[in-house]
Amino acid sequence: EAQVTQNPRYLITVTGKKLTVTCSQNMNHEYMSWYRQDPGLGLRQIYYSMNVEVTDKGDVPEGYKVSRKEKRNFPLILESPSPNQTSLYFCASSGTENSPLHFGNGTRLTVT
Amino acid sequence: QKEVEQNSGPLSVPEGAIASLNCTYSDRGSQSFFWYRQYSGKSPELIMFIYSNGDKEDGRFTAQLNKASQYVSLLIRDSQPSDSATYLCAVNMLSRGTGNQFYFGTGTSLTVIP
């Protein structure tokens, strides 16, 4: 089944404790991206990647890192999480930069 | 400056009516336009995409695009209670970095009343 898989689905952590949210797609998509969704603010792009080893900042990249060492994986790294990073996070991929995005099931992160 | 704007609603329509959802975007050079449906706490799911001016129909859904007016809409005919959700408009625009970025509106909340 074609899908984008994120893990974990739920995560509660404390301020400053490094964490990684994994994202993997099995559709051989070149384009992958991370979004956060907050009430009233909609989906905001954190980082995106056009292909392996090519990443770029979205609209809200501060406090986040990404890497794209393999085509299928695009992990999101929070080196020192803070409470304002409490949010619902989505990973998404598409075959080309103009094709529809396919979303993962989301990761609800709480930083206390 | 917001890139994609939607009326946040809430929009309420009776069952069986037509629901009309609207979206405007800022980049005149945008080429790809998408409508997603999102239930509370779930991931967005693609309903329609449209690339050319005019109408595109798929079942009960019709997407309309007017590039001159920078306007895209979604019509839902014979609305059902299961259509109650938030509808997200997304536009693919040339980014400040490499390649294109998807920009999303904040969504319109639709309630279909039985």
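Residues numbered from 1 in each chain as written. Chains lettered and ligands numbered in written order. Predicted model: local features only at pLDDT ≥ 70, side-chain atom pairs only at ≥ 80, totals over all residues. Heavy atoms only, no water.

**Thoughts on the sheet that holds strand E7 (residues 65-66) of chain A**
Residue and element names in this part refer to chain A.
Then, number 1: In spatial order, the strands read E1-E3-E8-E7; together these four strands make up an open sheet with antiparallel pairing. Two strands bound the open sheet, and with one partner strand each, they are strand E1 (4-7) and E7.
Then, number 2: Alignment of E1 against strand E3 (residues 19-25), held across four bridges, turns out to be antiparallel. By the bridge assignment, Thr 5 is partnered in E3 with Ser 24. (Pairing = 2+ DSSP bridges. Helix = DSSP H or I, 4+ residues; strand = E, 2+ residues; numbered from the N terminus.)

**Remarks on unusual backbone geometry**
Then, number 1: Cis geometry marks the peptide bond from Asn 7 of chain A to Pro 8 of chain A, where omega comes out at 0°.
Then, number 2: Structurally, Pro 8 of chain A is set in the loop between E1 and strand E2 (10-13).
Then, number 3: Positive phi, normally seen in glycine, also occurs at Asn 28 of chain A, with a value near 60°.
Then, number 4: Structurally, Asn 28 of chain A is set in the loop between E3 and strand E4 (31-38).
Then, number 5: Relative accessible area serves as the criterion here: at 56%, Asn 28 of chain A is assigned to the exposed category.
Then, number 6: A positive phi angle is found at Asp 78 of chain B, which is not glycine, with a value near 50°.
Then, number 7: The exposure class of Asp 78 of chain B is partly exposed, given its relative accessible area of 41%. (Buried < 20%, exposed > 50% of the residue type's maximum accessible area, 1.4 Å probe, protein only.)

**Focus on the state of the cysteines**
Then, number 1: Within the structure shown, the criterion is met by two disulfides over all chains.
Then, number 2: Note that Cys 23 of chain A is cross-linked by a disulfide to Cys 91 of chain A, the S-S spacing being 1.8 Å. Between Cys 23 of chain A and Cys 91 of chain A, the disulfide has an S-S torsion of -70° and is therefore left-handed. Here Cys 23 of chain A, found in strand E3, pairs with Cys 91 of chain A, found in strand E9 (residues 87-94); they are 68 residues apart in sequence, far enough to count as distant.
Then, number 3: Residue classification places Cys 91 of chain A among the buried positions, given a relative accessible area of 0%.
Then, number 4: Shown here is the disulfide that connects Cys 23 of chain B with Cys 89 of chain B, its sulfur atoms set 2.0 Å apart. With the S-S bond torsion at -70°, the cross-link from Cys 23 of chain B to Cys 89 of chain B turns out left-handed. A residue pair is termed long-range when its members are at least 10 positions apart, and Cys 23 of chain B in strand E3 (residues 19-25) and Cys 89 of chain B in strand E9 (residues 85-94) qualify at 66 residues.
Then, number 5: In this structure Cys 89 of chain B comes out as buried when scored by relative accessible area, which is 0%. (Disulfide = S-S within 2.5 Å.)

**Some words on the nonpolar core**
Then, number 1: Counting 25 residues, the largest nonpolar core has Val 4, Trp 35, Val 72, Leu 74, Ile 76 and Tyr 87 of chain B as its most contacted members.
Then, number 2: At the level of elements, E3, strand E4 (32-38), strand E5 (45-50), strand E7 (61-66), strand E8 (71-76), E9 and strand E11 (108-113) of chain B are the ones that each hand at least two residues to this core.
Then, number 3: Among the elements that line this core, the one with the most residues is E9 of chain B, at five residues.
Then, number 4: Setting aside its immediate chain neighbours within four residues, Val 72 of chain B contacts Leu 21, Asn 22, Cys 23, Phe 33, Trp 35, Ile 50, Gln 64, Leu 65 and Cys 89 of chain B.
Then, number 5: Residues Met 27, Trp 34, Tyr 47 and Leu 78 of chain A belong to the second largest nonpolar core, which totals 19 residues. (Core = buried A, V, L, I, M, F, W, Y, C linked by side-chain atoms within 4.5 Å. Contact = heavy atoms within 4.5 Å.)

**Some remarks on the interface of chain B and chain A**
Then, number 1: With 24 residues of chain B in contact, the opposing surface of chain A contributes 26 residues.
Then, number 2: In total, chain B and chain A occlude about 1900 Å² of area from one another, counting both sides; carbon and sulfur atoms represent 50% of this.
Then, number 3: The tally of links between chain B and chain A comes to zero salt bridges.
Then, number 4: Inspection of the chain B/chain A interface yields six residue pairs in polar contact (both at pLDDT 80 or more).
Then, number 5: Secondary-structure elements contributing two or more residues to the side of chain B that touches chain A are E4, E5, E9 and strand E10 (100-104) of chain B.
Then, number 6: Residues of the side of chain B that touches chain A, tallied by class, amount to 10 nonpolar, 12 polar and two charged. (Buried area = accessible area lost by both parts, 1.4 Å probe. Salt bridge = Lys/Arg side-chain N within 4 Å of Asp/Glu carboxyl O. Polar contact = N/O pair within 3.5 Å; in protein donor to acceptor, adjacent residues only side chain to side chain. Nonpolar A, V, L, I, M, F, W, Y, C, P; charged D, E, K, R; others polar.)

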